[in-house]
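Here is what each chain is made of, one letter per residue.
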Amino acid sequence: MTRMRRVAVVGAGMTKFVRRALETPKELAWLATKAALDSAAMTLDQIGCVVHGTAPDAFDGLHMKGEYLSDGSGGWKKPYLRCYVGGGTGVYAIAQGWFHVASGLFDTAIVVCEEKMSSCQPHPQAAFLTIFDNFTEQALKPNLLWIFALEQNRYMATYGITNEEIARVSVKNKRNALGHPAAQLGAELTVKEVLNSEIMAWPVHRLMVSPTSDGAAAVILAAEDIAKKVTDKPVWIQGVGWCLDTTYWTNRDLCYPEYVEKAAWMAYKMAGIREPRKEINIAEPYDPFAYKELHHLEGLQLAPKGQAPKLLADGVFDRDGDLPVTPSGGLLGVGNPIAAAGTMKICELFWQLRGEAGQRQVPGKPERGVAQAWGDLMQVGTVVVMGTKPV
Amino acid sequence: MEPRVAILGVGAVPAQPATPGVSYKEMMFQAAQRAYADAGIEFNEVESFVTCAEDLNEGLSIFDEYTPDQLGAVQKPMHTLTQDGLHGIADAVMQIRSGLVETVVVEAHSKYSNILTPDWILDYAVDPLWNRPLGFSAHALAGLEMNAFLHDTGITADEVGHVAAKNRTNALRNPLAAYPSRTVPEDVGRSSYAFYPIREIEWARPADGCVVLVLGSEDRTRGTRSQPVWVRGVGFANDSPTVESRDWVRAEYARISARMAYRQAGIRQPEREIHLFEVDDTYAYKELQHLVALGLYPRPGEAGRAAASGATKPNGETPVNVSGGSLGGGMTLEAAGLYRVAELVAQLRGQAGPRQLSRVKTALAQSWRGVPTTSGAVVILSSE
């Protein structure tokens, strides 16, 4: 097979993540689109196609939400596609944009992810009831906190992990977010404060849960020849992977996310990575709940099964540690406008790998990072590997 | 288009007004079994899966959760597009051409009969700030657009009536069609208005159904038992979703999609180089508007005269919607484009039975996502 066409990220932008934005969903999408275009000094005329990502239509209260958001995302009289894998969308959309360009059909693409959860009144948690099976689950009135409490419990019981160890994720990420200008919930906290916060569904405490947010994020992708003209610091997409597990989540052992492992190896194989722990300098795993960051680091092969909490306690995942994890502040700190949160992680890798992350910058000139998102019924893993060198 | 991509297998369940006996998962399973058998592959040979669906039509949020098991896609790369099945084909073609995978499955279905309040749901697709408070049905937009289209092109309502009669009659020969009926243009004039000037008979009625396709790279076609049909070009585009700023006469989304697909396929004279068109006809006038956008009629008024003269009938010089289209086959939500592709594949393989046209070597399918959208796609297929 001939070598794959090289694709780079050449621009990134995002809105502030907030609890209740005054902008319409369309305006949020446009603010991120414009910020990304401006960062690359490009105009919409130079963009070949638009890839949009956004999670349930129910949040924004719109049917065919992708169509509504199309012009806000720059998809006017242009090829436009809205892709979708629940919470995994924000990182998956980059894979989608990657193959739009890698296929040779387009030379440039803008990937825009948006979510406005505050339209859902009084709280978007109610909309989540409709993600469950109509017959076997909805009648039980489940919500996300309950099922994640189940998963966290299983993870803790299997490997003998304590809630103190998990609370450290909240402390680290919310602290990291203090350096992020778009962050909603940056804070200086202690483990004790996290564990003293209200119990939402045991063992999940309020400060271990990401907020509901409004926001949008966007990146611009370009084929090699164009990327080199647009910027002297392109960040290359080295690998993409995604994997969807069975609908029947109740039949899975929740202690370990196999689908994340499969998605990760798909991306690593493409990037030529054999030993992820040694070859990756920064990780941005999906952290909607504190334990998920640890769970996902194990799925990403960046920690042995059940060992991520120990590495965290040892400071390995701190911003100046051996493997900085979620230097952005993540969903716990920056906020969680579902699809936009995943793309925020891609933006973070772009800024970190270019050395433009300001006070969040990890030391040591990182060369390669991995971003991951997750979603559906604890079911889908999406992974993108980015680096300063093309593969 | 290099490297080349082919459709290896098609599986479709017949569209029907209602399907109380099967769930959407069972329909998907049936269509997938047929597609994999047609392609001569096992489900575990497929490397990536694409489904096309909208949450609110399915009655579930994050609908992609419910897609993998019945297609054999567990723990495989799989994602959903909230767009027509033809967008799904474009997606699959891009995945294969990028070199990432060699075999991709595309699925789309309609379980419209499950939707208890379709008009209420459609209302949520209308702009919430400027348009929804006016309290009109989104279908009225089609009436307004038909008026603008007739006024600008000089096409008459009678000429549009020929489209409805042709497509419903064509469907009599298509076992996948839900609403076949022997219809003459005079019947159209007797039908009452739905949204002026669109008559009931000119508005495609909803149906349930499911289509699954298997696409593969050129390497993948070697040694298979299937009869490949080549994808020569794919195109997709949106015009403005905002009703105040879109083009009401020209279907810009179809024109831009077609231009993209023609460029890939190297087609300069579509009216001569393409032998069969299966285009969106959710409302009868849309067939004419889309044919104009595809570049078949430099003077748009000719589209109406062609319909009235029978030039777009199966035995005419430019056959359009031999399958019966959506007017005869039923409006099947995101699956609409894939039913058109199923027809093209049957025709290009010479398996269309009583509908079989002679000398069909290149054919085109075009889709539109219905009101209030301006989202469309084009796929060009060839037997060579």
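Below is a short write-up of the structure. (Residues numbered from 1 in each chain as written. Chains lettered and ligands numbered in written order. Predicted model: local features only at pLDDT ≥ 70, side-chain atom pairs only at ≥ 80, totals over all residues.)

1. Let's talk about the overall build of chain B
Of regular secondary structure, chain B possesses 14 helices and 11 strands. Radius of gyration (C-alpha) of chain B: 19 Å, near the 21 Å computed for a compact globule of 384 residues. Here the C-alpha coordinates of chain B stretch approximately 55 × 45 × 40 Å along the principal axes. When the 384 residues of chain B are sorted by exposure, 63% land in the buried category. (Helix = DSSP H or I, 4+ residues; strand = E, 2+ residues; numbered from the N terminus. Rg over C-alpha atoms; globule rule 2.2 N^0.38 Å. Buried ≥ 20, exposed ≤ 12 C-beta atoms within 10 Å, placed from the backbone.)

2. Some points on the overall build of chain A
Helices and strands together make up the secondary structure of chain A, namely 15 helices and 11 strands. Its C-alpha atoms give chain A a radius of gyration of 19 Å, near enough to 21 Å, the size a compact globule of 391 residues would have. Overall size of chain A, expressed as C-alpha extent along the three principal axes, is 50 × 45 × 40 Å. Out of the 391 residues belonging to chain A, those deemed buried represent 63%.

3. Things to note about the pairing of strand 8 (residues 229-238) of chain B
All names here are of chain B. Within strand 8, 9 of the 10 residues are buried, which leaves it mostly tucked inside the rest of the structure. For strand 1 (residues 5-16) and strand 8, the ladder comprises 3 bridges, and the chain directions are antiparallel. Each residue of the ladder has a partner; that of Ala6, found in strand 8, is Trp230. In this structure, strand 8 lies alongside strand 11 (residues 375-382), joined through 8 bridges in antiparallel fashion. Opposite Trp230, over in strand 11, you have Ser382 as the bridge partner. (Pairing = 2+ DSSP bridges.)

4. Observations concerning the interface of chain B and chain A
Counting residues at the interface gives 51 residues for chain B, matched by 52 residues for chain A. Put simply, the parts of the chain that give the side of chain B that touches chain A at least two residues each are helix 2 (55-58), strand 3 (78-81), helix 3 (85-97), helix 4 (118-123), strand 8 and helix 9 (252-265) of chain B. The element that contributes the greatest number of residues to the side of chain B that touches chain A is helix 3 of chain B, accounting for 5 residues. Across the side of chain B that touches chain A, the residue classes tally to 23 nonpolar, 16 polar and 12 charged. For strand 3 (residues 80-84) of chain A and strand 3 of chain B, the ladder comprises 2 bridges, and the chain directions are antiparallel. What sits directly across from A:Cys83, in strand 3 of chain B, is B:Leu81. (Contact = placed C-beta atoms within 7 Å. Nonpolar A, V, L, I, M, F, W, Y, C, P; charged D, E, K, R; others polar.)

5. As for unusual backbone geometry
The residue after A:Gln121, namely A:Pro122, is reached through a cis peptide bond having omega -5 degrees. Mapped onto the elements of the fold, A:Pro122 is located in the loop between strand 4 (108-116) and helix 5 (125-128). The omega torsion of the bond from B:Val371 to B:Pro372 falls at 0 degrees, within 30 degrees of zero and hence cis. With respect to the helices and strands, the residue B:Pro372 is situated in the loop between strand 10 (362-368) and strand 11. Phi angles above zero are rare outside glycine, and A:Ala41 is one such case at about 50 degrees. Structurally, A:Ala41 can be placed in the loop between helix 1 (25-39) and strand 2 (49-53). With a phi close to 45 degrees, A:Lys365 is a non-glycine residue in the positive phi region. Tracing the backbone through its elements, the reader meets A:Lys365 in the loop between helix 15 (338-353) and strand 10 (368-375).

6. Observations regarding the nonpolar core
General note: in soluble globular proteins, nonpolar side chains tend to be found buried as a group. If you look at the biggest cluster of nonpolar residues, it comprises 271 residues, and the most contacted ones within it are A:Val219, A:Val384, B:Ile89, B:Leu213, B:Leu215 and B:Val379. The element that contributes the greatest number of residues to this core is helix 15 of chain A, accounting for 10 residues. In contact with B:Leu215, other than residues within four places in its own chain, are B:Val5, B:Ala6, B:Ile7, B:Leu8, B:Ile89, B:Ala92, B:Val93, B:Ile96, B:Val104 and B:Val106. (Core = buried A, V, L, I, M, F, W, Y, C linked by C-beta atoms within 7 Å.)

7. What to know about the packing of helix 6 (residues 157-170) of chain B against helix 11 (residues 284-293) of chain B
Residue and element names in this part refer to chain B. Between helix 6 and helix 11, the shortest axis-to-axis distance is 8 Å and the interhelical angle comes to 105 degrees. Considering the angle they form, helix 6 stands roughly perpendicular to helix 11. Side by side, helix 6 and helix 11 meet where Val160, Val163 and Ala164 of the first sit next to Ala284, Tyr285, Glu287 and Leu288 of the second. Here the residues of the contact of helix 6 with helix 11 sort into 6 nonpolar, no polar and 1 charged. (Axes fitted to C-alpha atoms, helices over the stretch in contact; angles between N-to-C directions. Parallel < 35°, antiparallel > 145°, perpendicular 65-115°, else oblique.)

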